[in-house]
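# Overview (structure and organization)
Each chain is listed here by its residues.
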Amino acid sequence: MVDSPGAMNKVSTVAEIKPLDQYDFSRAKICASVRWLLSKSYGSAENVPVEMREPLYKDQYDQEHLKPSINKLLVSPEIYCQAHVLLAQVHGVSASPSQASPADAEALLQLLEKKGLAPKVQDADVTQEDLRCVPIRMKAHLAMIDALMTLAAKEIVDQVKMAAEAEQIGAGAPWENALLFWVNRLNQKLRELTEEEEEPPRPQTCSDCCVTFLVWRFP
């Protein structure tokens, strides 16, 4: 059987796993955070412009930097406000008539503060000036994205009824305990499935061999 040309052209991509001593945590944090923000502000990862799907580029000295288009987006308040609006729509959270969607970074920061999720850098609140500063203050933007991620996770968990055991799993907030409980249960189930697949076959007993012989000898 010969594979079709279309099937032969398909190449499966596998993420490269680097050793811990070669892993750049700061770079990974920036890339993952920016990609998440872009996917939420554009509605989905597929809607993000192709040229923005990789946030970093290398200069002539092989040094990595944020792409200028990403820089421009981050220092404008629209991307954060748009991400918040779309997150609210996806999670079915409707604002009251007196609580309009934030129109700028300052309003969004105030909203996050009211929810107890004010972004901070070294115990200092992130300000609108931090987010609009050029050159970009990446730590402030990462804190802002973390706050939006936390808000999204909290609103999802708040809509799901969790088991009573979730409240006893840790000392964090209820929504954090619920997520930890869910992850632990998922890991436990995956471990059970893996152990079942790796379980060696049961050795044949004498009675099994006798039955096999009789079936073969007297069909």
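Residues numbered from 1 in each chain as written. Predicted model: local features only at pLDDT ≥ 70, side-chain atom pairs only at ≥ 80, totals over all residues. Heavy atoms only, no water.

In the nomenclature of an unreviewed UniProt entry, the protein is known as CASAMP N-terminal domain-containing protein of Takifugu bimaculatus.

### A word on the pattern of salt bridges
Applicable threshold: When a carboxyl oxygen of Asp or Glu lies within 4 Å of a side-chain nitrogen of Lys or Arg, that pair is called a salt bridge. Strands here mean DSSP runs of E at least two residues long; helices mean DSSP runs of H or I at least four residues long; both are numbered from the N terminus. Note on exposure labels: buried denotes an accessible area under 20% of the residue type's maximum, exposed denotes more than 50%, and partly exposed covers the range between, all computed with a 1.4 Å probe on protein chains only.
Taken as a whole and judged by the stated rule, the model has seven salt bridges. A salt bridge links Glu64 to Arg27; the nearest nitrogen and oxygen atoms lie 2.7 Å apart. In this pair, Glu64 sits in strand β2 (residues 64-66) while Arg27 sits in helix α2 (residues 25-41), placing the two residues 37 residues apart along the sequence. Residues Asp125 and Lys120 are paired through a salt bridge, measuring 2.3 Å at the closest nitrogen-oxygen approach. The exposure class of Asp125 is partly exposed, given its relative accessible area of 39%. What makes Lys120 partly exposed here is its relative accessible area of 46%.

### Examining helix α8 (residues 174-198)
Keep this limit in mind: One less than the number of residues in a helix, times 1.5 Å, gives the span that helix is expected to have. Throughout, a contact is declared for two residues whenever any of their heavy atoms are within 4.5 Å.
The end-to-end C-alpha distance of α8, which contains 25 residues, comes to 36 Å, matching closely the 36 Å that a straight helix rising 1.5 Å per residue would cover. Among all positions of α8, only Trp175, Asn177, Ala178 and Phe181 are buried. The secondary structure elements touched by the buried residues of α8 are α7 (138-158).

### So, the nonpolar core
The following threshold applies: What we call a nonpolar core is a set of buried Ala, Val, Leu, Ile, Met, Phe, Trp, Tyr and Cys residues that are connected through their side-chain atoms within 4.5 Å.
Counting 34 residues, the largest nonpolar core has Leu37, Tyr80 and Leu112 as its most contacted members. Counting only elements with at least two residues in this core, the list comes to α2, α3 (68-74), α4 (78-90), α5 (105-114) and α7. Counting residues per element, this core draws most heavily on α7, which supplies ten residues. Not counting residues up to four positions away in its chain, the partners in contact with Tyr80 are Leu37, Leu74, Leu108, His141, Met144, Ile145 and Leu148.

### Here's the deal with a nonpolar patch on the surface
Quick reminder of the rule: Patches here: salt-bridge-free residues with over 30% relative accessible area, like charges joined within 9 Å, nonpolar side chains (Val, Leu, Ile, Met, Phe, Trp, Tyr) joined within 5 Å. Working definition of accessibility: Shrake-Rupley area with a 1.4 Å probe, residue cover restricted to the visible protein chains.
Among the surface-exposed residues, Trp182, Val183, Leu186, Leu190 and Leu193 lie close enough to one another that they form a single nonpolar patch of about 450 Å² accessible area. Tracing the backbone shows Trp182 in helix α8.

### Re a negative patch on the surface
Put simply, the rule is: His is not counted here, nor are the chain ends, while Lys and Arg score as positive and Asp and Glu score as negative. To locate a charge, take NZ of a lysine, CZ of an arginine, CG of an aspartate or CD of a glutamate.
There is a patch of like negative charges on the surface, built from Glu192, Glu195, Glu196, Glu197 and Glu198. Judged by its relative accessible area of 34%, Glu192 is partly exposed.

### Considerations on the packing of α5 against α7
Operational definition: All axes are obtained by fitting lines to C-alpha atoms, using only the stretch in contact for helices, and the reported angles, taken between N-to-C directions, cover 0 to 180 degrees. Roughly parallel means an angle under 35 degrees; roughly antiparallel, over 145; roughly perpendicular, 65 to 115; everything else is oblique. Should the near helix be turned anticlockwise from the far one by less than a right angle, the crossing is left-handed, and should it be turned clockwise, the crossing is right-handed. Throughout, the ten residues Ala, Val, Leu, Ile, Met, Phe, Trp, Tyr, Cys and Pro are labelled nonpolar, Asp, Glu, Lys and Arg are labelled charged, and all others, Gly among them, are labelled polar.
The contact between α5 and α7 brings their axes to 11 Å, and the two run at 50°. The orientation of α5 with respect to α7, classified from their angle, is oblique. Where α5 crosses over α7, the handedness of that crossing is left-handed. Where α5 approaches α7, its residues Leu108, Leu109 and Leu112 are matched on the opposing element by Met144, Ala147, Leu148 and Leu151. Its residues assigned to classes, the contact of α5 with α7 shows seven nonpolar, no polar and no charged.

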